[in-house]
Amino acid sequence: MTEAILLVGGKGTRLRPLTVHTPKPMVPAAGVPFLTHQLARARAAGVEHIVLATSYLAEVFEPYFGDGSALGLHLEYVTEEEPLGTGGAIRNVASRLHSGPDDPVLIFNGDILTGLDIRALVDTHASTGADISLHLTKVTDPRAYGLVPTDDTGRVLAFLEKPQTPEEIVTDQINAGAYVFRRSVIDTIPAGRPVSVERETFPDLLSAGAHLQGMVDSTYWLDLGTPAAFVRGSADLVLGRAPSPAVPGRCGDRLVLPTATVAADAKLSGGTVVGEGAFVAEGARVFGSTILPGAVIEPGAVITDSLIGTRARVGERSVLTGTVIGDGAVIGADNELREGARIWCDARIPAGAVRFSSDQ
């Protein structure tokens, strides 16, 4: 296997305001755009040619990654004029592939952080003679996911919608968002219209008697679709819990990029990242959080499990927990923001304007 398709066209609406100016795969995780980790892991598994299926803010990708040579890859970019869904996006880039009809093509989503053994998935595809092989993972609570039951040999039996009752939970295996397609199968996807592989392509192929193989790999898997998950994924990369050859530094409790400035008595822990040109002032405490490039954390601020956008500012003694601050926003001194708060890009919150507890 030398080819892959990477689906990076989504709008990332669940991640707003982080994705107002930046497509989701380009939001920094552990100091580099998240997409960098995926590209590096694919290259480490032997992939040489990757076609990026872009749509939302498509113009951002190529200026950053170019032809991919810096990563040892050959990258191409195909932009959808109108969103085509996962299946439609795959079909839309098919003409850029060089593989023969029976060759394997790796396909993965641009918002999944995973420790998947890519070579093992390709080997499973080859050894079973499957038309499509799917990475499956086991989750404790599968109610939020589509279920994928398999037989004793790993062959997929069905694709079940999100279960509504306990009786409908027939397996804890879910579709983990990485696939190997037989090249010729891609050409069977209808062209020029939106298609979902999860809701249309896979069930239709199964009904037609195609061989869909599942491989369970539960080493590490996280859907980075929400701000809380994205912050946790970045921290896990820094801590070494999630594997990536693209982390720009040694794994540990913190990652401070070269041009960032951190005061000597500031405390950083829990996989915190301080991006290029960012500043963390004296007495600040930052745990498990991402400080994006150019952001400023003023003296005495306490930030936990949060993401501070590019060029944003958090005022003195403000306390943020589970919060997302958009690019360029300013949080005045002595504010208190808790779980789920999202401050939009360039917003201004005056000093002492928001609290969840007494000001005493």
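Residues numbered from 1 in each chain as written. Predicted model: local features only at pLDDT ≥ 70, side-chain atom pairs only at ≥ 80, totals over all residues. Heavy atoms only, no water.

Participant: Tell me what's going on with helix H1 (residues 34-44), and back it up with residues and numbers.
Facilitator: Across the 11 residues of H1, 9 count as buried, placing the element largely inside the fold. For H1, the complete set of buried residues consists of Phe 34, Leu 35, Thr 36, His 37, Gln 38, Leu 39, Ala 40, Arg 41 and Ala 42. Two residues or fewer after H1 comes Gly 46, characterised by a positive phi angle close to 105°. (Buried < 20%, exposed > 50% of the residue type's maximum accessible area, 1.4 Å probe, protein only. Helix = DSSP H or I, 4+ residues; strand = E, 2+ residues; numbered from the N terminus.)

Participant: Outline the environment of Val 354, listing residues and values.
Facilitator: On the secondary structure map, Val 354 appears in the segment after strand E28 (348-349). The spacing of Val 354 and Ala 120 is 234 residues in sequence and 51 Å in space, taken between C-alpha atoms. In this structure Val 354 touches Asp 334, Asn 335, Glu 336, Leu 337 and Ile 349, once residues within four positions along its chain are discounted. (Contact = heavy atoms within 4.5 Å.)

Participant: Break down the pattern of salt bridges for me, with residues and values.
Facilitator: Inspection of every chain in the model, using the stated rule, returns 14 salt bridges. Residue Glu 336 pairs with Arg 338 through a salt bridge whose shortest N-O separation is 3.1 Å. Accessibility expressed as a relative area gives 8% for Glu 336, which makes it buried. Judged by relative accessible area, Arg 338 falls into the partly exposed class, the value being 35%. Salt bridges sharing partners connect three or more residues here, namely Asp 102, Asp 131 and Arg 182. (Salt bridge = Lys/Arg side-chain N within 4 Å of Asp/Glu carboxyl O.)

Participant: Describe the environment of Asp 327, naming the residues involved and giving the relevant values.
Facilitator: Of note, Asp 327 is situated in the loop between strand E24 (324-325) and strand E25 (330-331). Looking at Asp 327, the relative accessible area reads 9%, which means it is buried. In the structure, Asp 327 is positioned 98 residues away from Ala 229 in sequence and 19 Å away in space, judged by C-alpha atoms. Residues within four places of Asp 327 in sequence aside, it is in contact with His 21, Gly 309, Thr 310, Arg 311, Cys 345 and Asp 346. Here Thr 310 takes part through its backbone nitrogen, which lies 3.0 Å from a polar atom of the side chain of Asp 327. (Polar contact = N/O pair within 3.5 Å; in protein donor to acceptor, adjacent residues only side chain to side chain.)

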